[in-house]
Amino acid sequence: MLAALPLIVPVHAESTSGVTFRIERGDTYMNLFGADWEKAYHQNKTTVVRSGRPVTSPDILVEGSILTVSRDVHLSARALARLATLQRRREQLKARLVSLGPTLSKLPEAQAIAVQCRDLLNNDLRFAADVEFAEREVAHLERLARGPMPPNTGSTARFPLLYVLAVCLTLACISIVGLWRRARPRYPEGSVRYQQALSDVKTAFKATGLAV
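Residues numbered from 1 in each chain as written. Predicted model: local features only at pLDDT ≥ 70, side-chain atom pairs only at ≥ 80, totals over all residues. Heavy atoms only, no water.

Colleague: How do you make sense of the overall build of the protein when you look at a structure like this?
Modeller: For the protein, the helix and strand inventory stands at 10 helices and four strands. Restricting to contacts in the protein with at least 6 residues of sequence separation, those with at least 24 account for 76%. When the accessible surface of the protein is summed, it comes to about 14400 Å², and 62% of that surface belongs to carbon and sulfur atoms. (Helix = DSSP H or I, 4+ residues; strand = E, 2+ residues; numbered from the N terminus. Contact = heavy atoms within 4.5 Å. Areas by Shrake-Rupley, 256 points an atom, 1.4 Å probe, with all protein chains shown as cover.)

Colleague: I would appreciate a short explanation of the packing of aromatic side chains in the present structure.
Modeller: Two measures describe an aromatic ring pair: the distance that separates the ring centres and the angle between the ring planes. Scanning the entire structure with this criterion turns up three aromatic pairs. A network of ring pairs unites the aromatic residues Phe21, Tyr29, Phe33 and Tyr41 as a single cluster. (Phe/Tyr/Trp six-rings, centres within 6.5 Å; stacked < 30°, edge-to-face > 60°.)

Colleague: Explanation requested: the pairing of strand 2 (residues 47–50) in the structure shown.
Modeller: Within a regular beta strand, the side chains point alternately toward one face of the sheet and then the other, so they alternate between its two faces. Pairing of strand 2 with strand 3 (residues 53–56), which is carried by four bridges, proceeds in the antiparallel orientation. Within the sheet, the bridge partner assigned to Arg50 lies in strand 3 and is Arg53. Where strand 2 hands over to strand 3, the hairpin turn is made up of two residues, of which Ser51 adopts a positive phi near 55°. (Pairing = 2+ DSSP bridges.)

Colleague: Help me out: how do you make sense of the environment of Ala128 in this one?
Modeller: Structurally, the position occupied by Ala128 is in helix 7 (residues 124–129). Considered as a pair, Ala128 and Leu83 are 45 residues apart in the sequence and their alpha carbons are 9.4 Å apart. Not counting residues within four places of it along the chain, the set of residues in contact with Ala128 comprises Thr20, Phe21, Arg22, Ile66 and Leu86.

Colleague: What exactly am I supposed to notice about the nonpolar core here?
Modeller: When a protein is soluble and globular, its nonpolar side chains tend to lie buried together. Ranked by internal contacts, the top residues of the largest apolar core, which has 18 residues, are Leu97, Leu104, Phe127 and Leu141. Those elements giving two or more residues to this core turn out to be helix 4 (77–99), helix 6 (108–121), helix 7 and helix 8 (131–146). Examining the composition of this core, we find that six residues originate from one element, helix 6, more than from any other. The residues touching Phe127, leaving out its near neighbours within four places in the chain, are Leu86, Arg89, Arg90, Leu93, Leu120, Leu121 and Ala134. (Core = buried A, V, L, I, M, F, W, Y, C linked by side-chain atoms within 4.5 Å. Buried < 20%, exposed > 50% of the residue type's maximum accessible area, 1.4 Å probe, protein only.)

As structure tokens, this is what we get:
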């Protein structure tokens, strides 16, 4: 497993002389370094304050902290997988940065950021500690390379047109309803029945000799 290390974490001119990665939840010296856990512990002693007293123990691995061991320390499959993931993220960021080269050369304000990103990507210790920062910086450079987003004139131009169409449709509906009401035939059934009843009463009174 040790022989595979140079393939996973290549040595750079500005990198550390050891293997560096970030501690995650569930990590222990034993599950990261196996039989070499004591050697790794002595290279990364961490002191914390408990009840007002400094404590140093191999049981202490602070999540999110950076751990570096010399290359002669045995690494478990868990540690090798951690390194492989870190290296994959670094290579992806390098490729994205290289693809921006021609565009960034025309943007003086972005060139300094690009130099800092390259330095960070070529340093094992700094990259392990600031991988998220490196990703944000590369994304920022990509936005600079794309330039400012053009205004979305299509949607703003469609809004007044849709508004006018909605108003016209509403007015048309109101006009149709008004015409239907005016043209609707009126049937005075109640008036006819009233007149018929009144006529029947008059006829009944006439039959009795009384006038209404």
